[in-house]
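Topology and contacts: notes
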Amino acid sequence: MAPSATTCNRPGTAAAASTRPPSYAVMATSPRPAKKKHPLMHLLAGGAAGLVEASVCHPLDTVKTRIQLQGRHSYVSQLPAHDSAVRAVHSTTSTNVSSTAVVQDAVAMNIRRLFSSIAPTQQPGTVAATAPLQHQVLGPIGTARHIIRSEGFAALYKGLTAVYTGIVPKMSIRFLSFEWYRERLSFYSNTYMHRQNSQQQQPLPPGQYTRSVTFLAGLSSGLTEAVLVVTPAEVCKIRMQSDKSPLHNRKYVNVVQTSSVIVREEGLGALYSGVVPTMMRQGCNQAVNFTTYNYFKDTLIQYRKDRGDSSVTGLRPHESLVLGGVSGGLGPVANNPLDVVKTRMQKQIVRNGCKPKYTGLLQSCVLIAKEEGSVALWKGITPRLLRIVPGQAITFTTYEFVSRQLSRHESR
């Protein structure tokens, strides 16, 4: 046999390259279809992610809610009980707003004394009083200090039972419904392209999705979780967070008692107050969140494969942490007015025969902007970002970690 006959099929030669299929190079660089996960994995991983995120970030959510509930006037002060002028203001605040100049000066003096040196705990011989402060609006740190001083450190965790009750099913529904919607939308998209017989755009293989499919799946999952879990849980959480009474004398104690009080006093429909802005907020958040995260995830994995790391199958923990934080911060920047309106609508108590102050999305936006200025629609954006950015980073990192552990256990 001629030597050329033995060398023509040797790997790496030009002759051998010419015998390869035309799509060999494309097949070598294209990612393998991802193995489809069992729905139970999404439920467990999503629930674990939500539990960890809520435990770490709930105090920031309490601060955010208190800031968004501040109106034009901040009613926060702690005045000496032995001051006769201040006691007169405290006794007449609920009945008569007018007062003498002496009393006003006494109030102003004590207010300046308060904010120049805020004590960590309530001093003996003091009473909580209310006085309109037209010039004082507390920021995130000031709000947190005031909550701790007047209600105790545990008050930062008010509403946590409502979050725990809702966070596990919420996250489970979020990730499970996202995967379900993405599979269905991808199937319909591929079927449509096959029927159109498009030569320019071929259907994607299993496990790969277009950005439009991912966006719509995220939007649909956000709407689903808003209706099934988020709205009732948010109503209970906000009622508990807005209750400024001491822990031993609160109207709303836990999620079960809070929901029963709301239903008894206002009806079952009160648990779905603000459902429209909640759906819009959750839909927008998850559409942006999933689209951004999956785009950067696919781009980073492909970049590492192009650099020669052919064994890569997912993100490293620190990569999930960074990408989750970045993707989580984009939605709140765009939809904070929806969150403010949702908070105001869910906090108000609706009585039979009485028209509520906030009745709808558009009416609430116009009313808030008219009474407090358009900037009020962006109240709480700082603590909201401080909560959501690390919260989403923790969520995606925990979800990826638990998914990997479940996948390894399943493959054994």
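Throughout what follows, the structure given in this document is the object of discussion.

Reading guide: rules and limits
Throughout, a residue's number is its position along its own chain's written sequence, starting from 1. Reporting in this predicted model follows two pLDDT cut-offs: at least 70 for local features of residues, and 80 or more for side-chain atom pairs to be given and counted; totals over whole chains, interfaces and linings ignore these cut-offs and use all residues. Side-chain metrics in this entry use all non-hydrogen atoms of the structure; hydrogen atoms and water are not considered. Between 30 and 60 degrees the pair is tilted, below 30 it is stacked and above 60 it is edge-to-face, where a pair is any two Phe, Tyr or Trp rings, Trp via its six-membered ring, whose centres lie within 6.5 Å. Helix and strand definitions follow DSSP, with helices as H or I runs of at least four residues and strands as E runs of at least two, each counted in order from the N terminus. Partly exposed residues are those whose accessible area sits between 20% and 50% of the maximum for their type, while under 20% is buried and over 50% is exposed, using a 1.4 Å probe and protein chains only. Here, two residues are considered to be in contact whenever any of their heavy atoms come within 4.5 Å of each other. What a helix is expected to span follows from its residue count: subtract one and scale by 1.5 Å. At every residue, the bend is computed as the angle between two fitted axes, covering the seven residues ending there and the seven beginning there respectively. The axes used here are C-alpha line fits, helices contributing only the stretch in contact, and every angle between their N-to-C directions lies in the interval 0 to 180 degrees. In these notes the angle categories are as follows: under 35 degrees is roughly parallel, over 145 is roughly antiparallel, 65 to 115 is roughly perpendicular, and the rest is oblique. Helix crossings get a hand from a simple test, with the near helix turned counterclockwise from the far one by less than a right angle marking a left-handed crossing and a clockwise turn marking a right-handed one.

Description of the packing of aromatic side chains
Under the definition given, this model contains ten aromatic pairs. With 4.0 Å between their ring centres and 10 degrees between their planes, Phe 175 and Tyr 399 make a pair best called stacked. In this pair, Phe 175 is assigned in helix α8 (residues 160–196) and Tyr 399 in helix α14 (residues 381–411), connecting sequence segments 224 residues apart. The buried category is assigned to Tyr 399, whose relative accessible area is 6%.

What to know about the environment of Glu 410
By secondary structure assignment, the location of Glu 410 is in helix α14. Through-space distance from the C-alpha of Glu 410 to that of His 38 is 9.7 Å; in sequence the pair is 372 residues apart. Not counting chain neighbours up to four residues away, the residues in contact with Glu 410 comprise His 38 and Met 41.

Observations regarding helix α9 (residues 211–242)
Residue pairs three or four apart in sequence face the same way in an α-helix, which turns once every 3.6 residues. With 32 residues, α9 extends only 39 Å from end C-alpha to end C-alpha; this falls clearly short of the ideal 46 Å at 1.5 Å per step. Remark: the principal bend of α9, roughly 55 degrees, maps to Ala 226. Extensive coverage of α9 is indicated by the burial of 23 of its 32 residues.

Considerations on the packing of α9 against helix α11 (residues 275–306)
Viewed as axis vectors pointing N to C, α9 and α11 meet at an angle of 140 degrees, and their least axial separation amounts to 6 Å. Classified by the angle between their axes, α9 and α11 sit oblique to one another. As α9 packs across α11, the resulting crossing turns out to be right-handed.

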